[in-house]
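Chain and residue survey
Here is how the chains run, residue by residue.
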Amino acid sequence: MKAKNIKIKLHESFTYAVEELSKEAHELLTFYKTKNKYGYDRIQYEVELPCRVDWCYYCQGSGGRSKYDIEGYDIDRMMTDEYGETDYDFKEDYFSGKTDVICNMCNGTKIQNILDYEACNEVQKEILNQDDECFQEEADSRAEEEAERRMGC
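Residues numbered from 1 in each chain as written. Predicted model: local features only at pLDDT ≥ 70, side-chain atom pairs only at ≥ 80, totals over all residues. Heavy atoms only, no water.

1. Focus: the overall build of the protein chain
- Looking only at helices and strands, the protein chain features 5 helices and 6 strands.
- Listing every helix and strand of the protein chain by position from the N terminus yields β-α-β-β-β-α-α-α-β-β-α.
- With the C-alpha coordinates of the protein chain rotated into their principal frame, the extents come out at 65 × 55 × 30 Å.
- Put simply, of all contacts in the protein chain between residues at least 6 apart along the chain, 68% involve residues at least 24 apart.
- For the protein chain, the exposed surface amounts to about 11300 Å²; the carbon and sulfur share of it is 48%. (Helix = DSSP H or I, 4+ residues; strand = E, 2+ residues; numbered from the N terminus. Contact = heavy atoms within 4.5 Å. Areas by Shrake-Rupley, 256 points an atom, 1.4 Å probe, with all protein chains shown as cover.)

Pasting the structure below:
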């Protein structure tokens with residue numbers, strides 16, 4: 001299958017780092033206005049990057065998954081009752097595919113477009129690295145705030 005380009009949404013905190021990018025990086029960015037969760041205007045940045053096509057790693061290319069896998073149930077516990085005896089009806093339904101639903105990651109297409117970092121040029125890598133730094137700073141800030149809350153501040 002031929003690879004194509006996909007649009008990647010950059011993190012919300014990327015807005016504060018746009019000024020640090022090169023002129024070439026600015027030309028690759030697109031943006032639009034949206035509302036944040038509090039109803040205020042914010043700018044969302046996107047960049048088009050090369051990708052590779054690969055089998056969906058959630059459904060292993062089958063296009064479907066058991067609804068119990070998606071919802072996080074313990075299948076081993078569900079196949080046995082409280083006395084440790086096997087529930088053969090549920091086991092048969094589970095392994096025959098009666099509990100399957102369409103994969104929520106690939107929407108049943110069996111494939112996914114995955115960002116190909118190696119195929120990116122230097123300008124695209126600059127944008128991705130800056131976005132990663134912004135995300136890490138945001139995560140560190142949230143972790144520090146949470147630690148302060150736990151300390152009673």
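2. Focus: the environment of Phe95
- Examined against the element boundaries, Phe95 turns out to sit in helix H4 (residues 88-96).
- Measuring from C-alpha to C-alpha, the distance between Phe95 and Ser141 comes to 45 Å, with 46 residues separating the pair along the chain.

3. Section: the pairing of strand S3 (residues 41-55)
- In the sheet, strand S1 (residues 5-9) pairs with S3 via 5 bridges, with the strands oriented antiparallel. Following the sheet pairing, Lys9 is matched in S3 by Glu46.
- The sheet contact formed by strand S2 (residues 29-35) and S3 spans 7 bridges and is antiparallel. Pairing of Phe31 across the sheet is with Tyr45, part of S3.
- Where S2 folds back onto S3 in an antiparallel hairpin, the turn is made up of 5 residues, including Gly39, whose phi is positive at roughly 95°.
- Taken together, the 5 bridges between S3 and strand S6 (residues 111-115) define a ladder with antiparallel strand orientation. When the sheet's bridge partners are listed, Arg52 is paired in S6 with Ile114. (Pairing = 2+ DSSP bridges.)

4. As for unusual backbone geometry
- Despite not being glycine, Asn107 has its phi angle at roughly 55°, a positive value.
- Take Asn107: it is sitting in the loop between strand S5 (100-102) and S6.
- Its relative accessible area of 61% is what places Asn107 among the exposed residues.
- With a phi close to 75°, Lys110 is a non-glycine residue in the positive phi region.
- You can call Lys110 partly exposed: its relative accessible area is 35%. (Buried < 20%, exposed > 50% of the residue type's maximum accessible area, 1.4 Å probe, protein only.)

5. Regarding the confidence of the model for the protein chain
- Per-chain confidence: the protein chain averages 83 in pLDDT, with 93% of residues scoring 70 or above.
- In the model of the protein chain, helix H2 (residues 67-70) stands out as the element of lowest mean pLDDT, 66, in contrast to helix H5 (residues 122-151), which has the highest, 91. (pLDDT = per-residue confidence, 0-100.)

6. Regarding the nonpolar core
- The biggest cluster of nonpolar side chains holds 14 residues, and the ones touching the most others in it are Leu10, Phe14, Leu21, Leu29, Tyr45, Val47 and Ile127.
- Residue assignment for this core shows that the elements contributing at least two residues are S3 and H5.
- When sequence neighbours within four positions are dropped, the list of residues in contact with Leu21 reads Phe14, His26, Leu29, Glu126, Ile127 and Gln130. (Core = buried A, V, L, I, M, F, W, Y, C linked by side-chain atoms within 4.5 Å.)

7. Some words on the pattern of salt bridges
- Tallied over the entire structure, the rule returns 6 salt bridges.
- Of the charged contacts, one joins Lys35 and Asp41 as a salt bridge, the two residues approaching to 3.0 Å between their closest N and O atoms. Take Lys35 and Asp41: they sit in the same class, and that class is exposed.
- Each of Glu146, Arg149 and Arg150 takes part in salt bridges that share partners, so that together they form one network. (Salt bridge = Lys/Arg side-chain N within 4 Å of Asp/Glu carboxyl O.)

8. Considering the packing of aromatic side chains
- Applying the stated criterion across every chain, the model contains 2 aromatic pairs.
- For the ring pair Phe31 and Tyr45, a centre distance of 5.7 Å and an interplane angle of 50° mean the geometry is tilted. A residue pair is termed long-range when its members are at least 10 positions apart, and Phe31 in strand S2 and Tyr45 in strand S3 qualify at 14 residues.
- On the basis of relative accessible area, Tyr45 is assigned to the buried category, the value being 12%.
- Put simply, the rings of Phe14, Phe31 and Tyr45 touch in pairs and so form one group of aromatic residues. (Phe/Tyr/Trp six-rings, centres within 6.5 Å; stacked < 30°, edge-to-face > 60°.)

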